[in-house]
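A closer look at the structure
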Amino acid sequence: MIPMKRLDDYLENAKTVAIVGHVNPDGDCLGSVFGTYRYLVENHPDLCVTPYASFVPEYLKFLAKDVPFDDTDGEDRTYDLAISVDASAKERIGAGKAAFENARRTLVIDHHETNPLFGDENYVVPKAASASEVLASLMDPDKISLSAAEKLYTGIMQDSGVFRYSSTSKETLLAAAMLIDKGVNFSKIIEESVINQPYREMKLMGEVLMNSVLCPETKFVYGTAPISLQKKYGLSSSELANVVVELNAVKEADVALFMYQYEDGTWKASLRAKCDVNVALIAKEFGGGGHLRASGFSFERDPEAVAGKVRDLIRTLKNK
Ligand SMILES: [Mn+2]
């Protein structure tokens, strides 16, 4: 589908533009912010464009090599236009939130179904697998450079789980094909941002898996990473996001629970399902929330007791 308006048409008479994304930026968020930045500076040399990002995680560092991003709130600047990409609500904007709120005009580009259309203008495509896919459709393909293409490709590939989530569509693959045609080294990007993991993270993962418990009757697997284990490998709770993904890959289980401890002694639980057990309902029982197949909650103590309760809830949900 070719949109009525190109990204370039939304600029109108703007001279200064801010681009913002969401808190805890992921591949789609940074791919969208940085890809839009490169597209605008390369094709509109008179524009003054500021990309905002609160931080860039290690596995996405290659995206930032030609993007001088600003990690502040941007409260000291008033832009002609602020573009929010991949943020599902105004409250979800990370760096540059004040810049967005104070801008003369705002544009929201997103793919979240729940987006309340918080911009003056909004282009939200809920069936798109990523914001980067939406942006690729808004750009003139002839004006997308290799650098912009690398960023958008990374966003599309990351948010579609390397083209395997059910959100992946013909449009997703056509957008990726168009970007590959620009010369994107896709195998290197997938290797760097998906396959390669720091050795100490893999060792921690190995120990979590070694000590994990599989409950064959409920097809449930759970593992824990107390603070002592994280310290052993010099890791913090923010570097453990992949563990639950690995637990969820256990063939004999269709629900996975990973519990990890924070510095202050409290715990966070991540749930994943590859069947129709609604893990959002389970998280809700503990005061958390999330989606059908991915959810989370926090708790104070005793991961074994929590795992036992989760197992009982899975049994109840499966017998419904
Ligand atoms: Mn996204």
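Residues numbered from 1 in each chain as written. Predicted model: local features only at pLDDT ≥ 70, side-chain atom pairs only at ≥ 80, totals over all residues. Heavy atoms only, no water.

What follows covers the nonpolar core. In this structure, Val17, Phe34, Leu40 and Ile109 are the most contacted members of the largest nonpolar core, which totals 49 residues. Tallying contributions element by element places helix H2 (residues 27-43) first for this core, with seven residues. Those residues within four positions of Leu40 in sequence are excluded, and the remaining contacts are Leu7, Leu11, Val17, Ile19, Leu47, Val49 and Ile83. (Core = buried A, V, L, I, M, F, W, Y, C linked by side-chain atoms within 4.5 Å. Buried < 20%, exposed > 50% of the residue type's maximum accessible area, 1.4 Å probe, protein only. Helix = DSSP H or I, 4+ residues; strand = E, 2+ residues; numbered from the N terminus. Contact = heavy atoms within 4.5 Å.)

A word on the packing of aromatic side chains. Inspection of the entire model under this criterion finds eleven aromatic pairs. Measuring from centroid to centroid gives 6.0 Å for Tyr153 and Phe163, while their planes differ by 55°, and the two rings are tilted. Linking Tyr153 in helix H5 (residues 146-159) with Phe163 in the loop between H5 and helix H6 (170-180), this pair joins segments that are ten residues apart in sequence. On the basis of relative accessible area, Phe163 is assigned to the partly exposed category, the value being 23%. When the ring of Phe286 is compared with that of Phe297, the centres are 4.2 Å apart and the planes differ by 10°; the resulting orientation is stacked. Residue Phe286 is located in the loop between helix H11 (279-285) and strand E10 (289-290), and its partner Phe297 is located in strand E11 (residues 294-299); the two are separated by eleven residues in the primary sequence. Taken individually, Phe286 and Phe297 each receive the classification buried, so the pair is uniform in this respect. Members of the aromatic cluster, each reached through a chain of ring pairs, are Trp267, Phe286, Phe297 and Phe299. Positioned above the aromatic ring of Phe286, the side-chain terminus of Lys309 is 4.8 Å from the ring centre. (Phe/Tyr/Trp six-rings, centres within 6.5 Å; stacked < 30°, edge-to-face > 60°. Lys NZ or Arg CZ within 6 Å of the ring centre and 35° of its normal.)

Looking now at the coordination of the manganese ion. Around the manganese ion, the protein supplies Asp28 (OD), Asp86 (OD), His111 (NE2) and Asp159 (OD) as donor atoms, at distances of 2.1 to 2.4 Å. Along the chain, the residues donating to the manganese ion fall in the pattern D-x57-D-x24-H-x47-D. Pair noted here: Asp86 is in the loop between strand E3 (81-85) and helix H3 (97-102) and Asp159 is in helix H5, with a separation of 73 residues, a long-range link. (Donors = N, O, S within 2.8 Å, 3.2 Å for Na, K, Ca; no water.)

Over the atoms rolls a probe the size of a water molecule, and its path tells where empty space is left. Tallied over the full model, the rule gives one cavity of 30 Å³ or more. Approximately 40 Å³ is the volume attributed to the largest cavity. For the lining of the largest cavity, the per-class residue count stands at four nonpolar, one polar and two charged. (1 Å grid on protein atoms, 1.4 Å probe; cavity = no way out; pocket = protein on both sides within 12 Å on 5 of 7 lines; lining within 4 Å. Points joined across faces, edges and corners; volume = space filled by probe spheres on them. Nonpolar A, V, L, I, M, F, W, Y, C, P; charged D, E, K, R; others polar.)

With that settled, consider the sheet that holds strand E2 (residues 48-51). Spatial ordering of the open sheet is given by E2-E1-E3-E4-E5, a layout of five strands whose pairing is parallel. In this open sheet, the two edge strands, each paired with only one partner strand, are E2 and strand E5 (121-124). Neighbour-to-neighbour, the strand axes of this sheet turn through a mean angle of 15°, independent of strand direction. Note that strand E1 (residues 16-20) and E3 share four bridges and pair parallel. Bridging across to E3, Ala18 finds its partner in Ala82. (Pairing = 2+ DSSP bridges. Axes fitted to C-alpha atoms, helices over the stretch in contact; angles between N-to-C directions.)

None of the figures reported here should be taken as evidence of function without further support.
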